[in-house]
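Now for the letters of each chain:
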Amino acid sequence: MMSEQEVLTCSSARNRGGVQRVEGKLRASVEKGDYYEAHQMYRTLFFRYMSQGKHAEARELMYSGAVLFFSHNQQNSAADLSMLVLDSLEKSGAEVTDEILEHLAKLFSLMDPNTPERVAFVSRAIKWSSEGSSKRGHPKLHQQLAITLWKEQNYSESRYHFLHSSDGEGCADMLVEYSASQGYRSEVDMFVAQAVLQFLCLKNKPSASVVFTTYTQKHPSIEKGPPFVQPLLNFIWFLLLAVDGGKLTVFTVLCEQYQPSLKRDPMYNEYLDRIGQLFFGVPPKQSSSYGGLLGNLLNSLMGASEEEAEEGQEDSSPIELD
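Rules of the game
- Residues numbered from 1 in each chain as written.
- Predicted model: local features only at pLDDT ≥ 70, side-chain atom pairs only at ≥ 80, totals over all residues.
- Heavy atoms only, no water.
- Helix = DSSP H or I, 4+ residues; strand = E, 2+ residues; numbered from the N terminus.
- Buried < 20%, exposed > 50% of the residue type's maximum accessible area, 1.4 Å probe, protein only.
- Contact = heavy atoms within 4.5 Å.
- Areas by Shrake-Rupley, 256 points an atom, 1.4 Å probe, with all protein chains shown as cover.
- Core = buried A, V, L, I, M, F, W, Y, C linked by side-chain atoms within 4.5 Å.

Undergrad: Let's hear about the overall build of the protein chain: which residues, and what values?
TA: Within the protein chain one finds 17 helices and 0 strands. Taken across its 322 residues, the protein chain has 45% of its residues classed as buried. The long-range share in the protein chain, meaning contacts at least 24 apart out of those at least 6 apart in sequence, stands at 62%. Accessible surface, the protein chain as shown: approximately 16700 Å² in total, 51% of it carbon and sulfur.

Quick look at the structure:
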């Protein structure tokens, strides 16, 4: 007699074999151009598999079907099956794995950048990947999304996702290209300053250091340093050193001395208020949240919530930015 494990292995193999046979038939329909019929059959099989608890099989079938429809430029059908991939993940409670993250990033890369379905897909994908400690979405998923958007020359969206990854070097390389292709020569320092300050607001000191070092070394318009010709770059360099030291007096004097450079962007002092709280023990302002347009921009980027702010106050640690 076979052991229980052998029975399960054989059952899994039979299921996979059945999926492969079904995939073959559906692929043939798509290849013949019977797109509507094939799409409806995919949906029927998805709900059948899900009702039988075959979540992995349902997900694999929808993923391969979506990729197939994308290859035939059937964007609507492909996007619909991509959403069903997410349905299976959300309803089955599947664990986050590198393979699944790669599949989600692949589907995102194949979607038409101008469709609303892509926005909905990436929002749900990030939310699903936000398990455990990855409250803002899994860093590996953000990294792959950032690379796709970079290839599409959607630099601002790419930068957002790089900020939520741990890829400081990739972020720096993208910013060098962004600055060289769309920025003014007089703003080469501002591209990296913003990224470093935002990484620090997200408590990601390692990536902040990597993005600064890589960017200043690779940008063709920046002379080797430190010290640098641009005062703002010197400020960022000193700030990163100050964060390591954690001395409030050093941070305070540094911000005062470089106010002329910091006034070039009204958001800089907002970021520095936050950095002061996170790394130098500066108490939060009396107001419950940053106010006005600047506060809205900061909270939008970081995704801060009142609930998390309360949690942060309870454990006497600086308020985390989600």
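Read on, since the account is not over.
Undergrad: A description of the nonpolar core should follow, citing residues and the corresponding values.
TA: Core analysis: the largest hydrophobic core is formed by 47 residues, its most contacted members being Val196, Tyr215, Phe235, Leu239 and Leu272. Where this core is concerned, the elements lending two or more residues are α8 (155-163), α9 (168-182), α10 (188-201), α11 (205-218), α12 (231-245), α13 (248-257) and α15 (267-280). In terms of residue count, the dominant contributor to this core is α10 (11 residues). In terms of nonpolar packing, the next biggest core, distinct from the first, is built from 39 residues, Phe69, Phe108, Phe121 and Ile126 among them.

Undergrad: Report on unusual backbone geometry, specifying residues and quantitative values.
TA: In this structure, the amide linkage connecting Gly225 to the following residue, Pro226, adopts the cis form with an omega of 0°. Inspection of the secondary structure assignment puts Pro226 in the loop between α11 and α12. Cis geometry is found at the peptide bond from Pro226 to Pro227, where omega equals -5°. Its place among the elements puts Pro227 in the loop between α11 and α12. For Asn73, which is not a glycine, the phi torsion comes out positive at approximately 60°. Since its relative accessible area comes to 59%, Asn73 is described here as exposed. The phi dihedral of Gln153 is positive, around 60°, even though this residue is not glycine. Summarising the element assignment, Gln153 is placed in the loop between α7 (139-151) and α8.

In short, geometric facts, not functional conclusions.
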